[in-house]
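# Examination of the molecular architecture
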Amino acid sequence: MFDGLSKYNIILASASPRRQELLAHLGFDFSVEVRSVDERYPAELSADEIALYLSELKANAFEENYFTDLKLVITADTVVCLSLIH
């Protein structure tokens, strides 16, 4: 399923040990490169929009000339929601 990805230089833009573990478990060779971003988001965003917004923010932290046809940069964010049922 992932055969076509072997030609890419895969970069995980996350310091998350869990994300690193997931990629390693899938057998990917990858490097980790994290850019510092201000992770504040607009208050009107829903939980799923927050995760997407922050992922895009992390991707945009890379300089435009950083990207090439053979680089695959993976960004992600997680939002945890808690529902209290009485």
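Anyway, here's the lowdown on the structure attached to this text. On a predicted model such as this, the values are computed, not experimentally measured, just so you know. (Residues numbered from 1 in each chain as written. Predicted model: local features only at pLDDT ≥ 70, side-chain atom pairs only at ≥ 80, totals over all residues. Heavy atoms only, no water.)

## Here's the deal with the side chain of Ser-16
Spelled out, the test is: Working definition: helices are DSSP H or I runs of at least four residues, strands are E runs of at least two. Numbering for both runs from the N terminus. The definition of a polar contact used here is a pair of N or O atoms within 3.5 Å, where within protein one atom must be able to donate a hydrogen and the other to accept one, and adjacent residues in sequence count solely through side-chain atom pairs.
Position of Ser-16 among the secondary structure elements: in the loop between strand E1 (9-12) and helix H1 (17-25). Here the side chain of Ser-16 touches Arg-19 through a polar contact of 3.2 Å, landing on its backbone nitrogen.

## Points about the sheet that holds E1
To be explicit about the condition: Here, any two strands with at least 2 DSSP bridges between them count as paired. Axes here mean lines fitted to C-alpha atoms, for a helix over just the part in contact, with angles spanning 0 to 180 degrees between N-to-C directions. Should any heavy atoms of two residues lie within 4.5 Å, those residues are counted as being in contact.
What the three strands build is an open sheet, ordered E2-E1-E3; its pairing is parallel. Across the chains shown, the open sheet's two edge strands, defined by having one partner strand only, are strand E2 (30-32) and strand E3 (71-74). Strand-to-strand, the axes of this sheet are offset by a mean angle of 25°, without reference to chain direction. Its contacts with the sheet place H1 against E1, E2 and E3, and it is angled at close to 170° to E2.

## Describing helix H2 (residues 47-60)
Along an α-helix, residues three or four positions apart point the same way, because every turn accommodates 3.6 residues. Here is the rule we go by: Expected span, for any helix, means 1.5 Å times one less than how many residues it has. The buried label goes to any residue with under 20% of its type's maximum accessible area, the exposed label to any with over 50%, and the partly exposed label to all in between, with areas taken from a 1.4 Å probe on protein chains only. Directions from the helix axis toward the C-beta atoms define the arc.
The terminal C-alpha atoms of H2 lie 20 Å apart, and with 14 residues this matches the ideal 20 Å at 1.5 Å per residue to within 8%. What H2 keeps buried is the set Ile-50, Ala-51, Leu-54, Ser-55 and Lys-58. Seen end-on, H2 carries its buried residues on one side only, within an arc spanning 130°. Opposite the buried face of H2, by more than 90 degrees, sit the exposed residues Asp-48, Leu-52 and Asn-60.

## Describing the packing of aromatic side chains
Where we set the bar: Any two rings among Phe, Tyr and Trp, with Trp reduced to its six-membered ring, count as a pair given centres within 6.5 Å; such a pair is stacked if its planes are under 30 degrees apart, edge-to-face if over 60, and tilted if neither. Lysine NZ or arginine CZ positioned within 6 Å of the ring centre and within 35 degrees of the ring normal marks a charge as sitting over the ring.
The final tally for this structure, using the stated rule, is three aromatic pairs. A centroid spacing of 4.9 Å and a plane angle of 45° characterise the contact between Phe-62 and Tyr-66, whose relative ring orientation is tilted. Each member of the pair, Phe-62 as well as Tyr-66, carries the same accessibility label: buried. Note on Phe-62 and Phe-67: the rings are 6.1 Å apart at their centroids and 55° apart in plane angle, and the pair reads as tilted. Given the relative accessible area of 4%, Phe-62 is considered buried. The aromatic ring of Tyr-66 is capped on one face by Arg-35, whose charged end is 5.3 Å from the ring centroid. Lys-71 extends its terminal NZ or CZ atom over the ring of Tyr-66, reaching a point 3.7 Å from the ring centre.

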